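Letter by letter, the chains look like this.
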Amino acid sequence: MCQKKVKSPGSDILYDVCVVGAGVFGSCTAYHLSKFPDLDICLVGPGEPEKKSRKEAVFGCHYDEGRITRVVSDVKTDQLLAYRSTLKFNQLERESGLKIFSEVGYGIVGVLIGAYAIEVKSGDEFCDKNGIDYEILDEKSASEKWSYFVPPKNFTGRLVGKLSGYLSIRNLVRAAQVFASNNGVHHKDIVATSIHKIGDMFQIKLADDTIINSKKIVLACGSFTNFFDFPLQKPLHLELIGTSVMKFEISEEDYQLTKDFPSMNYRYDPKNGDVYLYILPPIQYPNGKYYIKLGHTVNYPAEGFEQSLGTLEEVKDWYCMEDYTPARDHFTKYFKQMFPSIVPVSVQLDHCVISLTKTGRQYIGFDSENVLVEAGGNGVSAKMGLEIGNICANSIVKGEWDYDLDEIDFRIVYKK
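Reference entry: report on the structure contained in this document. Quick caveat, the model's predicted, so the values are computed rather than measured.

**Examining the layout of surface pockets**
There is about 470 Å³ of room inside the second largest pocket. Sorting the residues of the lining of the second largest pocket by element identifies α7 (312-320) and β18 (346-357) as the ones contributing at least two each. Of the residues assigned to the lining of the second largest pocket, the class counts are nine nonpolar, two polar and nine charged.

**Details of the pairing of strand β20 (residues 371-375)**
Counted residue by residue, β20 has five buried out of five residues, so it is predominantly covered. Alternating residues of β20 divide into Val371, Val373 and Ala375 and Leu372 and Glu374, and every residue in both groups is buried. Relative to β20, strand β19 (residues 363-368) runs antiparallel, the two sharing five bridges. Opposite Tyr363, over in β20, you have Ala375 as the bridge partner.

**Notes on the side chain of Lys383**
With respect to the helices, strands and loops of the structure, Lys383 is situated in the loop between β20 and α9 (385-398). Buried charge without a salt bridge: Lys383, with Asp78 as the nearest opposite-charge side chain at an N-O distance of 5.8 Å. Within the structure, Lys383 has its side chain in polar contact with the backbone oxygen of Val380 (distance 2.6 Å). In contact with Lys383, not counting residues within four places along its chain, are Ile68, Thr69, Arg70, Ala82, Ser85, Phe89 and Leu167.

**A closer look at the sheet that holds strand β8 (residues 165-167)**
Pairing between the strands of a sheet is mediated by backbone hydrogen bonds and can be parallel or antiparallel. Within the open sheet, the three strands sit side by side as β3-β8-β4. Their pairing is antiparallel. Single-partner strands in this sheet number two, and they are β3 (67-69) and β4 (101-102). By the bridge criterion, two bridges tie β4 to β8 in an arrangement that is antiparallel. Residue pairing in the sheet places Ser102 in a bridge with Tyr166 of β8.

**Considerations on the nonpolar core**
One finds Phe149, Ile279 and Phe339 to be the most contacted residues of the largest nonpolar core, which totals 70 residues. Membership of the second largest hydrophobic core comes to 43 residues, among which are Ala30, Leu172, Ile364 and Met384.

**Points about empty space enclosed by the protein**
Counting across every chain of the model gives two cavities of 30 Å³ or more. One number sums up the size of the second largest cavity: a volume of about 30 Å³. Taken together, Val72, Ile108, Val120, Gly123, Asp124, Cys127, Tyr134, Arg158 and Val160 form the lining of the second largest cavity. Contributing elements (two or more residues each) for the lining of the second largest cavity: α3 (114-130) and β7 (156-160). Looking at the lining of the second largest cavity, the element that brings in the most residues is α3, giving four residues. Here the lining of the second largest cavity is built from residues that sort into six nonpolar, one polar and two charged.

**Examining the pattern of salt bridges**
On inspection of all chains with the given rule, the structure shows 18 salt bridges. Taking the shortest distance from any N to any O, the salt bridge between Glu135 and Lys145 comes out at 3.2 Å. Of the two residues, Glu135 is situated in strand β6 (residues 134-137) and Lys145 in helix α4 (residues 139-145); the sequence distance between them amounts to 10 residues. We classify Glu135 as partly exposed; its relative accessible area is 31%. Look at Lys145 and you get partly exposed, because its relative accessible area is 32%.

**Some points on α7**
Those residues of α7 not exposed but buried are Val315, Lys316, Trp318, Tyr319 and Cys320. In the core, the buried residues of α7 are packed alongside β13 (238-250), β17 (307-309) and β18.

**Notes on unusual backbone geometry**
One non-glycine residue, Asp209, adopts positive backbone phi at about 75 degrees. Mapping Asp209 onto the fold places it in the loop between β11 (201-206) and β12 (211-219). Residue classification places Asp209 among the exposed residues on the basis of a relative accessible area of 54%. Residues other than glycine seldom take positive phi values, yet Asn370 does so here, at roughly 70 degrees. On the secondary structure map, Asn370 appears in the loop between β19 and β20.

**Focus on the packing of helix α2 (residues 76-96) against α3**
Contact geometry for α2 and α3: axes closest at 11 Å, N-to-C directions at 40 degrees. Relative to α3, the element α2 is oriented oblique. The chirality of how α2 crosses α3 is right-handed. Taking contact as the criterion, the partners of Lys76, Gln79, Leu80 and Tyr83 in α2 are, on α3, Ser122, Gly123, Glu125, Phe126 and Asn130. Classifying every residue of the contact of α2 with α3 by side-chain character gives three nonpolar, four polar and two charged.

Conventions we followed
- The numbers attached to residues start from 1 for each chain and follow its sequence in the written order.
- This being a predicted model, a pLDDT of at least 70 is required before a residue's local features are given, and a value of 80 or more before pairs of side-chain atoms are given or counted; all residues contribute to the totals for chains, interfaces and linings.
- Neither water nor hydrogens contribute to the side-chain values; these are computed over all heavy atoms in the structure.
- Cavity and pocket criteria rest on a 1 Å grid covering protein atoms alone: a 1.4 Å probe that fits but cannot get out defines a cavity, protein on both sides within 12 Å along at least 5 of 7 lines defines an open pocket, and an atom within 4 Å of a point defines a lining residue.
- Grid points are joined across faces, edges and corners, and a volume is the space filled by probe spheres set on the points.
- Secondary structure follows DSSP: runs of H or I at least 4 residues long count as helices, runs of E at least 2 residues long count as strands, and numbering of each begins at the N terminus.
- In this classification, Asp, Glu, Lys and Arg are treated as charged, Ala, Val, Leu, Ile, Met, Phe, Trp, Tyr, Cys and Pro as nonpolar, and every other residue, Gly included, as polar.
- The rule is simple: take the accessible area with a 1.4 Å probe, protein chains only, and divide by the maximum for that residue type; under 20% is buried, over 50% is exposed, in between is partly exposed.
- For two strands to be treated as a pair, DSSP must find at least two bridges joining them.
- Counted charges follow a simple rule, with Lys and Arg positive, Asp and Glu negative, and His plus the chain ends left uncounted.
- A side-chain nitrogen of Lys or Arg and a carboxyl oxygen of Asp or Glu constitute a salt bridge if their distance falls within 4 Å.
- Contacts described as polar in this section are N or O atom pairs within 3.5 Å, which, within protein, must combine one atom able to donate a hydrogen with one able to accept it, while residues neighboring in sequence count only if both atoms come from side chains.
- Contact criterion: two residues are considered in contact whenever any of their non-hydrogen atoms come within 4.5 Å of each other.
- Each nonpolar core is a collection of buried residues, namely Ala, Val, Leu, Ile, Met, Phe, Trp, Tyr and Cys, held together in the definition by side-chain atoms within 4.5 Å.
- As a rule, the C-alpha atoms of each element are fitted with a line to give its axis, helices using only the stretch in contact, and angles between N-to-C directions run from 0 to 180 degrees.
- To sort the angles, those under 35 degrees are grouped as roughly parallel, those over 145 as roughly antiparallel, those from 65 to 115 as roughly perpendicular, and the leftovers as oblique.
- Working rule for handedness: look at the near helix, and if it is turned counterclockwise from the far one by less than a right angle, call the crossing left-handed; if clockwise, right-handed.

As structure tokens, this is what we get:
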């Protein structure tokens, strides 16, 4: 690949494309745009704060070490995007020098009904089609593999060993930014507060009152898309859900016991509440400690495990909340049920915000000429980020949809 000639960030540049939002989608888009040698690209968005505080203008869901990645899904477009993203992880690791993907496998265990049955069937078909081996799990085989783990009674399960496991989502964002910056992308580590079209270009105002100019815009602002003065026809139809995860610190001894555990989705007792949890295997965090992480993948509004959020202040309050008793009690109960022999050294509750779209698919498309929107991860899109960035980079450069999936599946829906 040709190394592009890098201009000084201080020079008077009219950028070809400015990507606003430096989370997963935005950083991966900048990564792919940096491979166009004749374009001047800017990425705007702050990095991860040392400590969450309400004084921060925005937050990101990538402030973590573990996100499940898998090719098994009940959504066929998600399967394909995850598959193509996963095939690109090794290249980005080589380009950036950062570890991103841990291929520890992915398991699903639960009673074979509803969406879970669809996921199992669809996953089997995808794996068969693409030559990906999987194993059928039952109580005997699960017990032999993981003597410390108690699965649901009478479950049906699958274990996929290849192209599945977890991502350091923090490192995915860093890696994309490192490569992009090394290849000429100018990263403005600050929030964009407004964007206005002036003639044939866009003026992007930053939080320090700096103005930058660009011919084209990619909006990749996640849960914060509707809260700033951006050039959208109407606010996007995004339902913002405050959700929680809990990290259970385990001892070195328990790490040695459980280090062979895969990432997993776990459906328990569908006749009594349809509890649907996800489990990240023990991961070593930057503090040197090992944590097993639990989260939930189905809405629980009645139980209060999550909250619907409508304003910027509500979103910031949720991100910065230190504790939340309903979620803490919920995760503690099921950790004890699934891992009865493991006594956590400590627990840590964390919070993030999921953007749910009207269609259940990601929004990827043009809001207007030269303004491309990518938003709405639906709580499952981290594993697809590299390929979504590829779609957006090629489409904004070409000025129209440029991918082999149907554009209608990713159409933008606006609030009425």
